[in-house]
There are 2 protein chains.
Amino acid sequence: MSGTLYGLGIGPGDPELITVKALRLLERAPVIAYPAPEKGESLARSIVAPYLSGGAKKTEVVIRMPLVEARFPAAAVYDRAAEELGGHLEAGRDVAVLCEGDPFFYGSFMYLFGRMAARFTVEVVPGVSSLTACAAVLGAPLAARNDVLTVVPAPLDEAALKARLAGAEAVAIIKVGRHFAKVHRVLDELGLVGRARYVEHATMASQRILTLDAVSADGVPYFSMILVHKRGEAWT
Amino acid sequence: MSGTLYGLGIGPGDPELITVKALRLLERAPVIAYPAPEKGESLARSIVAPYLSGGAKKTEVVIRMPLVEARFPAAAVYDRAAEELGGHLEAGRDVAVLCEGDPFFYGSFMYLFGRMAARFTVEVVPGVSSLTACAAVLGAPLAARNDVLTVVPAPLDEAALKARLAGAEAVAIIKVGRHFAKVHRVLDELGLVGRARYVEHATMASQRILTLDAVSADGVPYFSMILVHKRGEAWT
């Protein structure tokens, strides 16, 4: 009998923000897989590292993304990974793929899911996404009542960003990184800088919360987010 | 010294989808508070019930919402709850408020937060939201790459719903409940019924996944969601 492929949401960074379910499946899985840059450590693995020190030794499959293609998935990388993981499943071994945040919220797991769900049993375990983690550490409710909440990737071009921000009550701008200056400009034009809150590496040891004006545009990491709520603090 | 007010995201329904952190704080808190309908059981309390059977007896504060005001918060109810919880905090007792899903994703915790954050230490612990839980059980990635993801409350009027759905790549329609017929009509007019996936009570024992045409409009619960992705299955 084939093993099961688990897409495990491991949460936004604080190891304690993993779910009880994901932790149980992680501890039980004989094979774990996780994304990593071309060289260097995997963020996903580092999040669960505190849980891997005891217990039986696991097989670890590292899915390395070539730097040049870091923005979008490299089909060949996922083809190869799906083949390798499929071998473990066919041999009856469960495989847990570690997914930062939630597997289906802008996560790369969907590329394995798309390749493997028709052939194998796949279970997706939802996790705490960066979206709600950023709101929590900022002390900024995302949306209430009948607010429309829009999640906007910062790589969109300036006109698209402006249109999306103009038409929404509550906005989360994700993947800010090197797009910070553009985003700042758009928020400024819309008169929303005072309503915007910035955080990077939410819930991690390296977390920083800054006003927009205090952010240095050339030092913004990929894992950063800006939340904007036009109604502001009127939560009561 | 005053106690700390915790807004604990307890996840979408499956008790195992609570985080390790929320579970630790829950077990430690001498006082827990949770919303409930005017009569009957609290969903939030039922989610964590498996974790409350052992350990020291806790003080429980039930925040009952009058039925007529179930759609939007009743200010007087939250005023009273804030006063009662404030009494526990002033006496040095930590208070854990149980929040279905995530506290800041359309959660009622923000009304306590708005009343209490200036006077007390408040920590928000993010949880797995219904948004990612629904995507997981549907096997439907929410958004990828530079998709804009829009969360739309179903109580919006028909024209607003249509405009929001027409302008988005990926949409989560929340709080469907008695608005199902209207939402179905809008999706039909936009030619999106074939792209829509429906789930109610995701991750709970009562979970149901149905095609839109199989849903009976008069039996749709508040905890239901419709996900639409215009690109469909092109995840690879």
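Residues numbered from 1 in each chain as written. Chains lettered and ligands numbered in written order. Predicted model: local features only at pLDDT ≥ 70, side-chain atom pairs only at ≥ 80, totals over all residues. Heavy atoms only, no water.

Caption draft 1: Quick look at the sheet that holds strand 9 (residues 208-210) of chain A. Spatial ordering of the open sheet is given by 9(A)-8(A)-10(A)-7(A)-6(A)-6(B)-7(B)-10(B)-8(B)-9(B), a layout of 10 strands whose pairing is mixed. Looking at strand neighbours, the two that pair on one side only are strand 9 of chain A together with strand 9 (208-210) of chain B, the edges of this open sheet. Ignoring strand direction, the axes of neighbouring strands in this sheet form an average angle of 15 degrees. Running over the sheet, helix 6 (residues 158-166) of chain A touches strand 6 (149-153) and strand 7 (170-174) of chain A and is turned about 170 degrees from strand 6 of chain A. (Pairing = 2+ DSSP bridges. Helix = DSSP H or I, 4+ residues; strand = E, 2+ residues; numbered from the N terminus. Axes fitted to C-alpha atoms, helices over the stretch in contact; angles between N-to-C directions. Contact = heavy atoms within 4.5 Å.)

Caption draft 2: View of unusual backbone geometry. Residue and element names in this part refer to chain B. Its identity as a non-glycine residue notwithstanding, tyrosine 106 has a phi of 55 degrees, on the positive side. Structurally, tyrosine 106 can be placed in the loop between strand 4 (95-99) and helix 4 (109-116). Unusually for a residue other than glycine, arginine 145 sits at a positive phi of about 50 degrees. Here arginine 145 lies in the loop between helix 5 (130-138) and strand 6 (149-153).

Caption draft 3: Highlighting the interface of chain A and chain B. Contacts between the two partners involve 58 residues from chain A and, on the opposite side, 58 residues from chain B. Summing both sides of the interface, chain A and chain B together bury roughly 4700 Å²; the carbon and sulfur share of this comes to 63%. By the criterion of area lost to chain B, the three top residues of chain A are Glu16(A), Arg145(A) and Asn146(A), representing 14% of everything that side buries. Put simply, chain A and chain B have 4 salt bridges between them. (Buried area = accessible area lost by both parts, 1.4 Å probe. Salt bridge = Lys/Arg side-chain N within 4 Å of Asp/Glu carboxyl O.)

Caption draft 4: Main features of the packing of helix 6 (residues 158-166) of chain B against helix 7 (residues 180-189) of chain B. All names here are of chain B. Helix 7 packs onto helix 6 with a crossing angle of 45 degrees between their chain directions and a minimal axis gap of 10 Å. Relative to helix 7, helix 6 is oriented oblique. In this structure, helix 6 crosses over helix 7, and the sense of that crossing is right-handed. Residues Glu158, Leu161, Lys162 and Leu165 of helix 6 pack against Lys182, Val183, Arg185, Val186, Leu187 and Glu189 of helix 7. Among the residues making up the contact of helix 6 with helix 7, the classes are represented as 5 nonpolar, no polar and 5 charged. (Parallel < 35°, antiparallel > 145°, perpendicular 65-115°, else oblique. Left-handed = near helix turned anticlockwise from the far one by under 90°. Nonpolar A, V, L, I, M, F, W, Y, C, P; charged D, E, K, R; others polar.)

Caption draft 5: Structural context of the packing of helix 3 (residues 75-90) of chain A against helix 4 (residues 109-116) of chain A. Residues and elements named next belong to chain A. At their nearest, the axes of helix 3 and helix 4 sit 9 Å apart, and the two run at 60 degrees to each other. Classed by the angle they form, the pair helix 3 and helix 4 counts as oblique. Between helix 3 and helix 4 the crossing geometry is right-handed. Listed contacts from helix 4 to Ala75, Tyr78, Asp79, Ala81, Ala82, Leu85, Gly86 and Leu89 of helix 3 are Tyr111, Leu112, Arg115 and Met116. Across the contact of helix 3 with helix 4, the residue classes tally to 9 nonpolar, 1 polar and 2 charged.

Caption draft 6: Examining the environment of Ala81(A) more closely. Its location among the elements puts Ala81(A) in helix 3. Once residues lying within four places of it in the same chain are set aside, the contact partners of Ala81(A) are Ile63(A) and Leu112(A).

Caption draft 7: Summary view of helix 1 (residues 20-28) of chain A. For helix 1 of chain A, the complete set of buried residues consists of Lys21(A), Ala22(A), Leu23(A), Leu25(A) and Leu26(A). Close packing links the buried residues of helix 1 of chain A with strand 1 (4-9), strand 2 (31-37), helix 2 (43-52), strand 4 (95-99) and strand 5 (121-125) of chain A together with helix 1 (20-28) of chain B. (Buried < 20%, exposed > 50% of the residue type's maximum accessible area, 1.4 Å probe, protein only.)

Caption draft 8: Quick peek at the packing of aromatic side chains. Using the criterion set out here, one finds 14 aromatic pairs over all chains in the structure. Measuring from centroid to centroid gives 5.3 Å for Tyr222(B) and Phe223(B), while their planes differ by 90 degrees, and the two rings are edge-to-face. Residue Phe223(B) is classed as partly exposed on the basis of its relative accessible area of 35%. Three or more aromatic residues link up through ring pairs in this structure, and these residues are Phe104(A), Phe109(A) and Phe113(A). (Phe/Tyr/Trp six-rings, centres within 6.5 Å; stacked < 30°, edge-to-face > 60°.)

Caption draft 9: Summary view of the nonpolar core. Core analysis: the largest hydrophobic core is formed by 90 residues, its most contacted members being Leu112(A) and Leu112(B). Beyond its immediate chain neighbours, meaning those up to four positions away, Leu112(A) contacts Ile63(A), Tyr78(A), Ala81(A), Ala82(A), Leu85(A) and Val97(A). (Core = buried A, V, L, I, M, F, W, Y, C linked by side-chain atoms within 4.5 Å.)

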